[in-house]
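Descriptive analysis of the structure
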Amino acid sequence: MAKSKTVFFCRNCGAEAPKWLGKCPDCGEWNTYVEEVVRTKAPAEHHRDSEKNARPVALSEISSSEEERMDTGIGELNRVLGGGLVYGSVVLLGGEPGIGKSTLALQMALKLPNEKVLYVSGEESNRQIKIRAERIGLSNENCLFLSETSLDVLFSQIGQIHPSLVIIDSVQTLQDESIESSPGSISQVRECAVKLLRFAKESSTPVILIGHITKDGTLAGPKVLEHIVDTVLLFEGDHHYLYRILRSTKNRFGTTAELGIFEMQQSGLREVINPSEILINKNNDGLSGVAIGATIDGVRPFLIEVQALVSTAAYGMPQRIATGYDVRRLNMLLAVLEKRAGFKLATRDVFLNIAGGIRISDPGLDLAVIIAVLSSNFDRPVKKDICMSAEVGLSGEIRPVNRIEQRIREAEKLGFKTILISSGYENKLAEGKKGMSVIQVAKVEEALKYLFNTAQ
Ligand code: TYD
Ligand code: MG
């Protein structure tokens, strides 16, 4: 016999409590508990579900070969996943509404002619999907569409057609009838995800769940889901830009350092294979406040334009505003300039922008940030065939960064003539840099002397 009960869930971490709590004892967030009516199954049924297929095995019976992966047909997506979609894994593709999650998922489904894809949409009708597919300009006879929100119907369809990949758009619209609460509520989302996870593991079928996240992350679901799924991919980007960044925040089968870049076009998402090309403006010769940094995200090096504007503060409090860069790091670098190199920036407004709406946390961009700020401050442009890659320490010293050879090679490939790096490397840099001069500096002043032919 089924019975109903009321349970309180934490919207942030999914913790469960029999009564309302002001502060979640699990994650420490305030005011996140919401009430939900849950009707649980009779205990006997529960038992039967969890018993099948379980058998302990010895280590020797487990194969240790690499996980088998499915090529998703989209190179950037493969890379962020760690080399493709692992069979039997559940991937959550999260992002704000309108960012392009459905487009990415559909594009992938249509690019897999050899897989039997089941694309389940609870948000769009088949006709809407058809229109979208026409816009993207792809078609795939092996891909089946189902406009459905009921988990039971979904599983019965899966049982009939045996898909090799299931895409669900979105997990917040799914409903498990054995639970009384409404779709999108924490208990629904969690229960549906757990059942799909069990299906994925038992049948070795990869499942992609699309989930909406609002700006403040309050909507039920994805936060709770993160603990359940194997991989969490976030699709982000500024609505004002066309670029979309795909990054993973959790990955049981790969690194979370990788980054995929796409451009939203009239005909769907285009992979940006060479990010440097879009991140550097080739026509800004002679503009002050611009410096090019050679950075690395994951394993891929690319060059990016750092733009700064320094102006006299109109009011007593100077402003420091950074887009795509940590404003605390900017403040630290400004303090270094003030204290160690003697620049008076305390009364100046400083605005910093990383091109393309991309967010960078690589410390190797420090030198480019400092140079962009000073270039704007002096109103002296940096020559456009110079780039740089170095961390700046608290005493104004220029420090080495990881994978410098790769960064230099990328700069060379893009036609830069000079790169400024730290002098702190131990000799192994000498060979193989024809056609490109590598300038090694130890202090911020040396870099300035080289670039602007001045110490201050
Ligand atoms: P969508 O994939 O529906 O976003 P989500 O599923 O994350 O809510 O994409 C939404 C936006 O993308 C929408 O504003 C229209 C735009 N778009 C294009 O610019 N080109 C296209 O080919 C497609 C399909 C969508
Ligand atoms: Mg959508």
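Small disclaimer: the values here were computed from a predicted structure and weren't measured.

What follows concerns the sheet that holds strand β8 (residues 143-147). In space, the 9 strands of this open sheet follow the order β8-β7-β9-β10-β6-β11-β12-β13-β14, with mixed pairing throughout. One side of each edge strand has no neighbouring strand; the edge strands of this open sheet are β8 and β14 (268-271). With strand direction ignored, the average angle separating the axes of adjacent strands in the sheet is 25 degrees. Along the sheet, helix α3 (residues 101-110) contacts β6 (90-95), β7 (117-121), β8, β9 (165-169), β10 (207-212), β11 (231-236), β12 (243-251), β13 (259-265) and β14; its crossing angle with β10, the most-contacted strand, is approximately 165 degrees. Across the sheet, helix α5 (residues 151-161) lies against β7, β8 and β9, angled at about 165 degrees from β7, the strand it touches most.

The next point concerns the pairing of β6. Counted residue by residue, β6 has 6 buried out of 6 residues, so it is predominantly covered. Bridge count between β6 and β11: 5 bridges; the pairing is parallel. Looking at the pairing, Gly 94 lines up with Leu 234 of β11.

Each assigned domain of the protein is listed with its residue range as follows: domain 1 (1-44), domain 2 (67-271) and domain 3 (277-452). Centre-to-centre, using C-alpha coordinates, domain 1 lies 26 Å away from domain 2. At the junction of the two partners, domain 1 supplies 14 residues and domain 2 supplies 14 residues. For the pair domain 1 and domain 2, the two sides together bury roughly 1200 Å², of which 48% comes from carbon and sulfur. Two residues, Glu 16 and Arg 190, come together in a salt bridge whose shortest N-O distance is 3.0 Å. Those elements that provide at least two residues to the side of domain 1 that touches domain 2 are β1 (3-10) and β3 (33-40).

This part takes up the packing of aromatic side chains. If you walk through the whole model with that rule in mind, you get 5 aromatic pairs. Between Phe 235 and Phe 262, the ring centres sit 5.9 Å apart and the planes meet at 80 degrees, which makes this aromatic pair edge-to-face. Of this pair, Phe 235 sits in strand β11 while Phe 262 is found in strand β13, placing the two residues 27 residues apart along the sequence. Plain terms: the ring middles of Phe 378 and Phe 452 are 5.4 Å apart, the flat faces sit at 85 degrees to each other, and that makes the pair edge-to-face. One end of the pair, Phe 378, is in helix α10 (residues 366-378); the other, Phe 452, is in helix α12 (residues 444-452), and 74 residues separate them in sequence. Grouping aromatic residues by their ring pairs yields a cluster made of Phe 343, Phe 378 and Phe 452.

Throughout the structure, instances matching the rule amount to 15 salt bridges. Between Glu 134 and Lys 130 there is a salt bridge, and its shortest N-O distance comes to 4.0 Å. Separated by 4 residues within a single helix, Glu 134 and Lys 130 lie in helix α4 (residues 126-136), roughly one turn from each other. The exposure class assigned to Glu 134 is exposed, which follows from its relative accessible area of 54%. According to the relative accessible area criterion, Lys 130 is exposed, its value standing at 51%. Note that Asp 326 is salt-bridged to Arg 328, the shortest N-O span being 3.5 Å. On the accessibility criterion, Asp 326 (32% relative accessible area) is partly exposed.

Model confidence for the protein is summarised by a mean pLDDT of 86, while 90% of its residues fall at 70 or above. Element-level pLDDT for the protein is lowest in helix α1 (residues 43-51), with a mean of 46, against a maximum mean of 96 in strand β20 (residues 391-392). The model gives residues 42-51 a pLDDT under 50, and that stretch makes 4 contacts with residues more than four places away or in other chains.

Moving on: empty space enclosed by the protein. By the definition in use, this model includes 3 cavities of 30 Å³ or more. What the largest cavity holds in volume is close to 70 Å³. In terms of lining residues, the largest cavity is bounded by Leu 77, Leu 81, Leu 85, Val 91, Leu 93, Leu 104, Ala 105, Met 108, Ile 208 and Leu 233. Secondary structure elements with two or more residues in the lining of the largest cavity: α2 (75-81), β6 and α3.

What counts, and where the lines are drawn
Residues numbered from 1 in each chain as written. Chains lettered and ligands numbered in written order. Predicted model: local features only at pLDDT ≥ 70, side-chain atom pairs only at ≥ 80, totals over all residues. Heavy atoms only, no water. Pairing = 2+ DSSP bridges. Helix = DSSP H or I, 4+ residues; strand = E, 2+ residues; numbered from the N terminus. Axes fitted to C-alpha atoms, helices over the stretch in contact; angles between N-to-C directions. Contact = heavy atoms within 4.5 Å. Buried < 20%, exposed > 50% of the residue type's maximum accessible area, 1.4 Å probe, protein only. Domains from an automatic or database assignment. Buried area = accessible area lost by both parts, 1.4 Å probe. Salt bridge = Lys/Arg side-chain N within 4 Å of Asp/Glu carboxyl O. Phe/Tyr/Trp six-rings, centres within 6.5 Å; stacked < 30°, edge-to-face > 60°. pLDDT = per-residue confidence, 0-100. 1 Å grid on protein atoms, 1.4 Å probe; cavity = no way out; pocket = protein on both sides within 12 Å on 5 of 7 lines; lining within 4 Å. Points joined across faces, edges and corners; volume = space filled by probe spheres on them.

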